[in-house]
Structure formats: structure tokens, C-alpha cells
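# Residue-level structural notes
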Amino acid sequence: MRPRRSISRRHWAPGLTGRLTRRSCTGADGGIGTGTGTDRCWRRPLRWQHPDNDVSTISLTHLNGVGCPGQGAVGLMPASTPQPVASGARPTGVTFKTATETAKPGLYSVQLDNKVTVELTATTRTGMAQFSYPNAGAGYLALDTKLNGNSNSGAGNKISAANTQLTIGDDGRTLSGTAVAPAFCTPYGTKFNSPVYFYAELNRSLKAQSGGTVNTVQDGAAVLQYQLPADDPTLTMRVGISAVSQQNAKLNLQTENAASTFDQVRQATDAAWNTRLNSIQVDRAADPAALTTRQREQLTKFYTALYRVFGSPTVYSDVNGDFRSMAAAKPYPADVDVTGTVLDRPTANVADYPFRRPDGSTGGYRTHYSGLSMWDTYRSQAQLLALLAPDVASEVNQSLVVDGLQCGAFPHWVDASDDSTPMAGDNAPPMLAGAYAFGANNFDLNAAARLTLQSGYDAASSCNGNASFPGFDDYLADGYYPDASSANIERYNSDWAAAQLLAGLPESVKNSAGITAADTAQLQGRAQWWTSIFDPATTTIAARSKPAAPGQPGPLVPGSFHESTEPNYFFSFGQSWPQLITAIGGPAAAVERLNRLFSIDNALTVTPTAKQLNGGQESQGFYMGNEMGFPAPWAYNAAGKPAATQYIVAKLMDIAFTTGRAGLPGNDDMGATSSWYVFAALGMFPTVASEGALQLSTPQFPGITVHRAAGEPPLRIETSADAAGAPFIQSMTVDGAQHTGTEMTVAQLASAQTLRYTLGSNASSWGAATPAAPVQSAISLRLPTDVPVYGTDKPVAATATVTLPGGGRPHGTVVLRSGRSTLSQSEVGADGTATLPIPATTPAGVMAVTATFVPADPRTALPATTTSQKLQVAMVLSTTTVTADVVKVKGKRNLVVTTTVKLSTPVAVAGTANVNVAGKKVASVPLNTGADGTGRAVTDPIPVTRGRVNVVVTWLPDDPSVQRSTGHATVLVK
């Protein structure tokens, strides 16, 4: 997701002096944090909102670097004079000088221009602030429960004080209340506001006032003055938050920070981050004094990125396991209540959701997470979190499954306890599949399987009214969303991910959920439908207009791409790279296209500019600042030129990422952009988000130790030289054995202990041989002309035809299905066809059916799936009899056609008789049967000429359970 305005950031590296990220005081593993920035995070109280050097507020909840306003509940601001935190509906703001900022894990501090120094720290569910005033008489603290993340955008804040609450203890040492986190990403997101409850304790008492409004609550806000000692004019505040109740907010505070000093909390948070960040240890970071400027900057960027990866998603449950449920009551709101009404929800608890593991043991989870920006994070953040912290990633997966169980289906973008749809696609399956493939497997696999099948096969699947698969029937019938490109690509990624997840589950789970090979093959086949919007004339991804008629695709039209352009989306579905490369003319054409994208030459001598590598949403060059382009640098591997991958990855890291205040190329999107950087530094990337495999490039540090799950040996990554002077891989070994390919599976990585790379200054042929890929198959379906009838033995069959490039013989099976129900299946014959009998037990009615080719060897051919067609199956037989009589009308010859219909069951049915004479439709007349199951219709006179005339009448009943039938007659007209 992209920002509405630019977001500035700073960076941090452990053991080094230097600039730090504005999210610097976050609790490890997505706990509460303190820091600065317009990036907003739930579960992070006491953090700034400011554009550059003007602080809007310190607030209690935030989201990390997303492109929409949200959270930011409760605005606070210390001051030396009695200034409210807001004027009217908007925060007043306070300026500061960036030179006064200090930040590191566990601490953010700044001296405001109002002469107050602010220091912030955090635990997982609480925040802590220490305000230092210029003198004892200046101890003011303003707060406003109506303020939130929308307050400094658009028309300002509209929250009504009637929807918030603020209580000040008698001596001012406690503050408690309720605030509103606004509906996320309006008007594109959720329609629900969510509550934020808080409970704070302060170490000073209020200063007595003689009249005035200081120390009183007015309209949900207050300006407080505290009695400060002359020799220590400081004020300390500890605050807990909850999505459930003020009591739980108090419990969170009393459990995590009942009486700790500011320094104790800061040191504990610093220690927690030190442990977490040491999950990846770069050798050269151990000796800061020996670092060059470039090496220091590299480490600063790397550990800042790793820090951000571990900051998302965010803790949502309280210390007692409570959290606000996603189960919303119907009717769902049609619009957002901008005054802040929060609808009631049940309270859930993590203990409510035990699950059965494949080995039969009982599992559960301890922490419920929110802040699931899945369109962004499914591409690499979920995989990196699973690789480094599978325990945390498993609890994130379980949180997603529980959300789906509560709201009815997998959500799309989770903010607090609500599902939001700011981006296209059903993004939960790719995130879940990616994390599962990379080791996060301790969650409810049975429920995940059911929800995944539901997302891909159930038109009614929705989370609180947000459809899992919008336009389900039309998409499956047409094979594409009309006038769209990127929305189709997201569908391909979702279908492929669902197939990968379902195929990779343990057999016991597959059996329990009824998962079949046809289920996964059909999803994989749908993921190949990119061919329907590929324009071979321009070799680009285009779009199509709406079909003019069923089975007739509309014409190709220019593509439509959300937040980027066709060149950046082209390589965003890595599962189809081999087939895409073939479609555009082969490896040389792919390399040429990639060179244009990255503004480099074949000789790898051109250094692109920052603008060329991060050109923005309208750029035809690369756009590093948005997620769809993340896999593209590794596409050179698939095109047989891995040296170009090694070259451009390093250039992107050096040029598009800096240690400046605008050091990221775009939004971090809940750790997504940062995860790209960490993977790139390790020399690997998951180009197919839902598969357990990585494409390789050059590690950017000579020595790296990656600490994996507890009990597993660490992974060493070593290079023979610094990549800065020797960027190209000459050879590679895995535990001493040569590794010549550019791909490494997660299974290979898990068993490896040492990856060693020999690097050089010149490009080599290492990895240039591309492995054989399965070919793209195609399938068509022809339904029977005769209508099959339930309960009869009349042989009626559909025919499927499978083709392969070059005319090769397809080996495999074709399965005819309605939804997930198999009607028939047959081996593909030598001529490429499969005959698919319609069983007599097929239920009567009209059903959408598809044919799926399941290859015998998936290494040689990909599955293929047809678009859906309507199959009618009748319950009642009908017989149509036709007679035709020649009559003269005004001396001219005419036919009067009489049609009689008789049903096998006496029942009254409405219908129509279509009359064709001499091959032309000449009449359409109502023909209804009576209660005895018979009916008769006579046409008006129909002009004819002399000769033998053939008459054909087709009776079409309105009831699909009744068989249509045809009658014939031949008349000699003299």
C-alpha cells in the first residue's frame, strides 16, 4: 500500500552509534512501542505522529508504515504552558529540532521546542513516558480522547465526545478512559470503528487550581498541571491499553509494569531486542571500530530492516488471553460512523481455540496478533518471520485462522478486530502458505484447510460481508475479471497459494478435510489463466472487456494496474516465470525486458539512478517502493543470466535504501519492505511466495550466522570476499558439496549447516543453466447435446480435449467437476481427448461444471482448468410430437404446426416451443403442460413454398429439472 504523503524514517544498528528508526521503542515481537513517525502501530502506546519536525501528538496505538490513516488513538502532549493538544478538531502540534533526537531499541527521546524533553519506552502491552520540564511550575500534560489517526488528515477529527470517556483520579495519579480507533483506510477499508481502552498511572499529583478549566475534563479532553519538585521537575507516566476493557488495560499495566522505573523498563526492552536481533549475526558487527563508512551504513540498514520485520504484526490479546472478537453481528454497517460509534463485539480468549495436531496431540496458542497487512507481507515478511521465529509465525497463523472462524472466512487486511479490503485479492492463502512452507506449522491445520477450500470454492464465503472471492461465478465462467489486470494477477497468486498449501498438508489433514488431487490441480489450473489477458502481439499483460456472450471472451484492451505499471507486475507471479518467458520469446527477450525495467545493460556496467530504481506508481521503470515488484530482480535467474540478479540486487540495496531520514524507498507496510532487504542481504528470496523455495543471489556480508528455531543448528553463510568488490558468484557449496543451481528449497536450507560462496569481480556462468520446467497445457470442454436425465441409463457424455505445446501427447486424467464434487473422470487418450460420462445419479438442475487436466507427472506439464459451463440435468422425461398441416390463407400456402408434449410424470410445467421451418426459426409459442403432464400448442399460419419442408420444434421447459425435447415432422407442400 502506498502513502498519501511521504514518510520519513531513521535507522538503527546494534552496537553502533548512528541514526535510529522512529519505531525504536517497540516491544520485541510486535509488542507496544514508543518512537516517532507517521507510521502507525496498534499495541504501541506513547508514539509520535509527525511529518518531519512538527509533532502532532503522542498517541497510544499505531500502524507500522502503512498507506492509510488509522489507529493513533488518544492524543497527548506535554507543555510548559496550559496548551490543549488540539484546537478545534485538529492537533495543534509542537515543533522540535532533529538534532535533539536520540533513539535505540528501548528508548526514544527528543527535546521539544516548548522546552519539554520527552523520553519513551515500552513493554509488550504498556508504554512509559518521562517528561522533563524546564521548571517546577511548567508541568502541563494535555490529552484528548477524541483524537486519532484521522485527526491530522482531511477535514480533521469528527469523533464525538459521547463515544469516548476520560476519568481523572482525585489526585490525578490515575487516568483511565475509552477512545476510538477510526475505521481503517476509509473509504476503501472497513466500516467498523474499534475501541481502545487505557489505564495510566503517574508519579505526581495534580497541582491545585483556583478556578479555570485546568485539571477538568471538557468534551473528552483535559489540560492537567502536575505538582513537580523544584529539584526534579519530571513527570513519569505508565500506561496500559486493551481492546477489551479498562479493567484489562489496568491488568496489563499491573502485570507487565506495576512499579518499574523508566530505566528498568528501557533496559529490559533493550535486552529483549538484543536477543531477537541476534537471530542473525553479521560477523563484522562485532568490531565497530574496524568498520568503514560504507560497512557501517550497510549494517545500519540491515539491522534496521531486521528490527522492522520483527515489529509486525502486533500483539492484540491481553495478558489474560482476552481479545476483541472479529464476530460482528448482522446487519453490517453500510457506512462508517465518523462520530465514532463502536458496535458491540464478544470477548474471545486464546484458550477458546485449542486444536488437534496431525500427531494427535492438542495444541493451542498464547498470543493473538493483529495488524495483518497481507497484500504486503505475503511476499516475503511472512516467510522471513517463519524462518527466524517459527513459534511467533505459527501464532500469527493461528490468529489468522481464528479470525476466519469468527468472521466466517479468512480476512483480507486485519486492523484491530476488523477486516478491511483496501487492496485486491484474497491474500490470506498466500501469507498462510508461505509461512507454512517456511516452517510455521504449529497451528490449526484442519481449520486452515477448511477455510482455504472455502475461499477457493465457495461463492458465499465472506468475512463480515467482505467476499473472499468477489465475482465468483462470472470469473469462473469467463476466466478473468473484465477491464482489470492486477486484480487478475492477485487471483492467480491466491489460487496457486491455496493449491500449494493444500497439497503440502499432512495426509491426515487432507483426509479429514476431503482434499483431493483434483482440488489442488483445479486451483493450479486456474492460476494459469494469465494466458487469457496476455497479449501475444505486444507480449504484455493486458486486460479484457466483458464477454459479449457466454463462452466468448471480450477483446483485449490496455491493462489496468493498481499502484504500479505493467512492467512491474509482469514478474509478480513467479510460479509462471518459465511459461511467461516462453510466451515473450524466450530467455533473451526476458533479459532484454528486465534490462529495460532496471535501466542496466547486458554487460552490467551501467549504474542506474535512484529515480530509475524507484520511479513511483506511474513509472515504466522499476518501482522498489511497492511490493508487486519484489521478486523481479531474481527473474534473471529464470532467464539464464543470474549474474544480472547478483548485480541489480546489490545496486538496489545501495541506491534505493539509505540511512537518511527518507531512507526507505516507500512504505514499510508492516515490515514488508524491510523483509525484502534482509532476504536480499542474505542472498536469497522467495520469488513464489507460497512455495518452500528460494532463488539465490550474492550474500552481502562475508560472514553471517542465522539462528533458527530452538534445537536446530545455526546456518553459516560465508563468502570468499566482500561483495562490494566481488559481487559475482563463481561457485557455491552446501556443506562442502557443489551447488550449481540458483534455487534452494527450504528443505535443503533446513538440512544445510554451511553455505560457502566463491565470489569474483567478473560475471561467471554459475547458475546459468536453467532447469527444465513443466509445459503449459490447455484444455477445452464440450458438453453433450442431449440433456442427461437423472435416474436413466441413457448414455450421455461430455468430451474434453487436452493439448500441449508442439503437439505432444498429454498423459494424465481429466476430471469433470461441479464445484468440488467429481461427476466423472477419465484418462486422456492418444488423441488428447477424454470421454466423461454424465452419471445417472447426477442431481437434476443446472450446475456450473469444469474440466481439469491432472497430469500424470507434474514435472512435465502443468494442470489446466476450463472455465465453467452450464450443464442441465433433468428429472422428468419429456416427449415432443410434431404435426404440420398445409392450409391456404388468401390463396397462399401456409403451415400450421401442432406440437404436443407428454411428460413421464404428471406435472404442470410452463415452457416454450421454438419452431424451425426449413432451418430457420419462424415462431416461438407458449406450451404449458397441465396437471396430467400433457400440453399442446398450435402456431399461427406460417408461409411456405412448394417442396419438401422439414419442421423441427424444441420444447424448452422453464423448470430445469424437466428434460427439454425435440420433435420433427416432414411435409410435402404441393
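Residues numbered from 1 in each chain as written. Predicted model: local features only at pLDDT ≥ 70, side-chain atom pairs only at ≥ 80, totals over all residues. Heavy atoms only, no water.

In this section: the domain arrangement of the chain. Splitting the chain by domain gives domain 1 (19–24 + 50–278), domain 2 (311–318 + 346–562), domain 3 (775–873) and domain 4 (876–973). On a C-alpha basis, the centroid separation for the pair domain 2 and domain 4 is 52 Å. (Domains from an automatic or database assignment.)

Applying the stated criterion across every chain yields a total of 22 aromatic pairs. With 5.8 Å between their ring centres and 65° between their planes, Trp634 and Trp676 make a pair best called edge-to-face. Separated by 42 residues along the polypeptide, Trp634 in the loop between α16 (610–613) and α17 (635–638) and Trp676 in helix α19 (residues 672–682) bring together distant segments of the chain. Given the relative accessible area of 0%, Trp676 is considered buried. Feature note: the residues Trp634, Phe657, Trp676, Tyr677, Phe679 and Phe685 constitute an aromatic cluster, connected by ring pairs. The ring of Phe469 has Arg491 sitting right over it, with the charged end atom 3.7 Å from the ring centre. Over the face of the ring belonging to Tyr457 we find Arg526, whose NZ or CZ atom lies 5.4 Å from the ring centre. (Phe/Tyr/Trp six-rings, centres within 6.5 Å; stacked < 30°, edge-to-face > 60°. Helix = DSSP H or I, 4+ residues; strand = E, 2+ residues; numbered from the N terminus. Buried < 20%, exposed > 50% of the residue type's maximum accessible area, 1.4 Å probe, protein only. Lys NZ or Arg CZ within 6 Å of the ring centre and 35° of its normal.)

Attention shifts here to the state of the cysteines. Taken as a whole and assessed by the stated rule, the structure comprises two disulfides. Paired by a disulfide, Cys68 and Cys185 hold their sulfur atoms 1.8 Å apart. Placement of Cys68 in the loop between β3 (57–59) and β4 (75–79) and of Cys185 in the loop between β14 (174–181) and β15 (194–202) is noted, with a sequence separation of 117 residues between them. Of the two residues, Cys68 and Cys185, neither departs from the other in class, the shared state being buried. Disulfide pairing is shown between Cys407 and Cys463; the S-S distance is 2.0 Å. (Disulfide = S-S within 2.5 Å.)

Take the UniProt feature "domain: Glycosyl hydrolase family" (unreviewed entry) in the chain next. Following the UniProt record, one finds the feature "domain: Glycosyl hydrolase family" (unreviewed entry) at residues 248–760. Overall, residues 248–760 shows 39% helix and 13% strand. The separation of its end C-alpha atoms is 58 Å. (UniProt positions renumbered as here; feature names shortened; annotations may be inferred.)

Next up on the list: the side chain of Glu395. With respect to the helices and strands, the residue Glu395 is situated in helix α6 (residues 390–407). Buried within the structure, Glu395 lacks any salt-bridge partner; its nearest side chain of opposite charge belongs to Arg366, at an N-O separation of 4.4 Å. Within the local environment of Glu395, its side chain forms a polar contact with the backbone nitrogen of Arg366, the two atoms lying 2.8 Å apart. Those residues in contact with Glu395 that lie beyond four places of it in its chain are Gly364, Tyr365, Arg366, Thr367 and Tyr369. (Lys, Arg positive; Asp, Glu negative; His and termini not counted. Salt bridge = Lys/Arg side-chain N within 4 Å of Asp/Glu carboxyl O. Polar contact = N/O pair within 3.5 Å; in protein donor to acceptor, adjacent residues only side chain to side chain. Contact = heavy atoms within 4.5 Å.)

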